[in-house]
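So the chains spell out like this:
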Amino acid sequence: SIIITVFLFISSSGCFGQLRISSEFRPRIEYRDGYRLRSASKGEPSFLASFRTRIHFTYRLSKFGFSFLPQDTRTFNDQIYLEKTGIQTPDAGINIREAWVSYSPNEKATLKIGRQVAYINDQRLLSRRNWSQDGTGYDMIRFDFHGRDVDLQAGVTYDLSSDNSISNDYPDVRLRTFNFINLKGRFADNLEIAFLSVLTGKNDTTLANDIFFQNTSGIYARFSRYKYGIHASFYAQWGRNSTDEKVFAVMTDIHGTAHFGRSTLSGGLAILS
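Residues numbered from 1 in each chain as written. Predicted model: local features only at pLDDT ≥ 70, side-chain atom pairs only at ≥ 80, totals over all residues. Heavy atoms only, no water.

Here we look at the packing of aromatic side chains
Enumeration according to the criterion identifies four aromatic pairs in this entry. Positioned above the aromatic ring of Trp100 is the side chain of Lys112, whose terminal nitrogen or guanidinium carbon lies 4.2 Å from the ring centre. Across the ring face of Tyr119, the terminal group of Arg128 is positioned such that the distance to the ring centre comes to 3.8 Å. (Phe/Tyr/Trp six-rings, centres within 6.5 Å; stacked < 30°, edge-to-face > 60°. Lys NZ or Arg CZ within 6 Å of the ring centre and 35° of its normal.)

Laid out in structure tokens, this is it:
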């Protein structure tokens, strides 16, 4: 498959005391030939032009923090008012990327509630996922603790599809709940080892109120010294999917880097069952 992407990134920011305002405009042109499709099922190549506009407000007041990041993502000429002319177009892509409030009783601990971005370690299991124009966030309750040699991160989500009066119907193709805990220890100045566990759940395809769970757990390690670095991870997954079938999978990854002046050499290997 072939995907060719050209995008322009324009960003600006300003800071007024405890208030910070930043903005982003990212137009992107893509040529897709087999993108996200199997070779046997792909059709004619696709040409796509889209853009993303964001403005980000963050505010800090004593032990409290606030963040609000609305965004507009759409393909070129995607405008609602054209529908009145008889030309059918999709709805405008205005949504919320971030909207959260945090409380920090001290410099080590923070509790954050609301829509937020979560990324951990090498971002294999939890990443920024900012490649798409919309990006991905979570409506989450999250706790962070940063000690001298130990870090703890934990998050809990439970998703609802609509304001229901009865039942808890939810699409079985989407995650109903997403939860994680990450415990990382630092040894000396060049070694860190983390244990990460992610618990996800999907609704049963026949009984809407039942949830089948899958757990993905493993270890991540990073070592760096002078101009060289290496990080590796191993994860195993088990549980049941939305059709009540048992699943089991493993993944291992190793990646090394070496810096020579202004040049960097890197290589890695990932194996997925």
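Still more ground to cover, so stick around.
Observations regarding the pattern of salt bridges
This model, assessed by the stated rule, comprises 11 salt bridges. Between Glu30 and Arg28 there is a salt bridge whose closest N-O contact spans 3.0 Å. The residue Arg115 makes a salt bridge to Asp139 at a minimum N-O spacing of 2.8 Å. With Arg115 in strand β7 (residues 109-116) and Asp139 in strand β8 (residues 138-146), the pair connects residues that are 24 residues apart, well separated along the chain. Through salt bridges with shared partners, a single ionic network connects Glu24, Arg52 and Arg54. (Salt bridge = Lys/Arg side-chain N within 4 Å of Asp/Glu carboxyl O. Helix = DSSP H or I, 4+ residues; strand = E, 2+ residues; numbered from the N terminus.)

Focus on the side chain of Asn179
Of note, Asn179 is situated in strand β10 (residues 177-187). At a separation of 3.3 Å, a polar atom in the side chain of Asn179 contacts the main-chain amide nitrogen of Thr157. If we ignore the near neighbours within four places in the chain, the residues touching Asn179 are Gly155, Val156, Thr157, Ser197, Val198 and Leu199. (Polar contact = N/O pair within 3.5 Å; in protein donor to acceptor, adjacent residues only side chain to side chain. Contact = heavy atoms within 4.5 Å.)

Concerning a nonpolar patch on the surface
Together, Val150, Leu183, Phe187, Leu191, Ile193, Phe195, Ile219, Phe223, Ile230, Ile254, Leu269 and Ile271 give the surface a local cluster of nonpolar side chains, amounting to about 1,000 Å² of exposed area. Counting residues per element, the ones that place at least two in the nonpolar patch are β10, β11 (191-203), β12 (211-225) and β15 (263-272). Per-element accounting of the nonpolar patch gives the leading share, three residues, to β11. Relative to the elements of secondary structure, Phe195 occurs in strand β11. The exposure class of Phe195 is partly exposed, given its relative accessible area of 43%. (Patch = residues over 30% accessible without salt bridge, like charges linked within 9 Å, V, L, I, M, F, W, Y side chains within 5 Å. Areas by Shrake-Rupley, 256 points an atom, 1.4 Å probe, with all protein chains shown as cover. Buried < 20%, exposed > 50% of the residue type's maximum accessible area, 1.4 Å probe, protein only.)

Some remarks on the pairing of strand β6 (residues 94-103)
Judged from the nine bridges that link them, strand β5 (residues 64-75) and β6 form a sheet pairing that is antiparallel. Counterpart to Gly65 in the pairing with β6 is Ser102. The sheet contact formed by β6 and β7 spans five bridges and is antiparallel. Looking at β7, one finds that Ala99 is bridged to Arg115. The hairpin turn running from β6 into β7, its antiparallel successor, is five residues long. (Pairing = 2+ DSSP bridges.)

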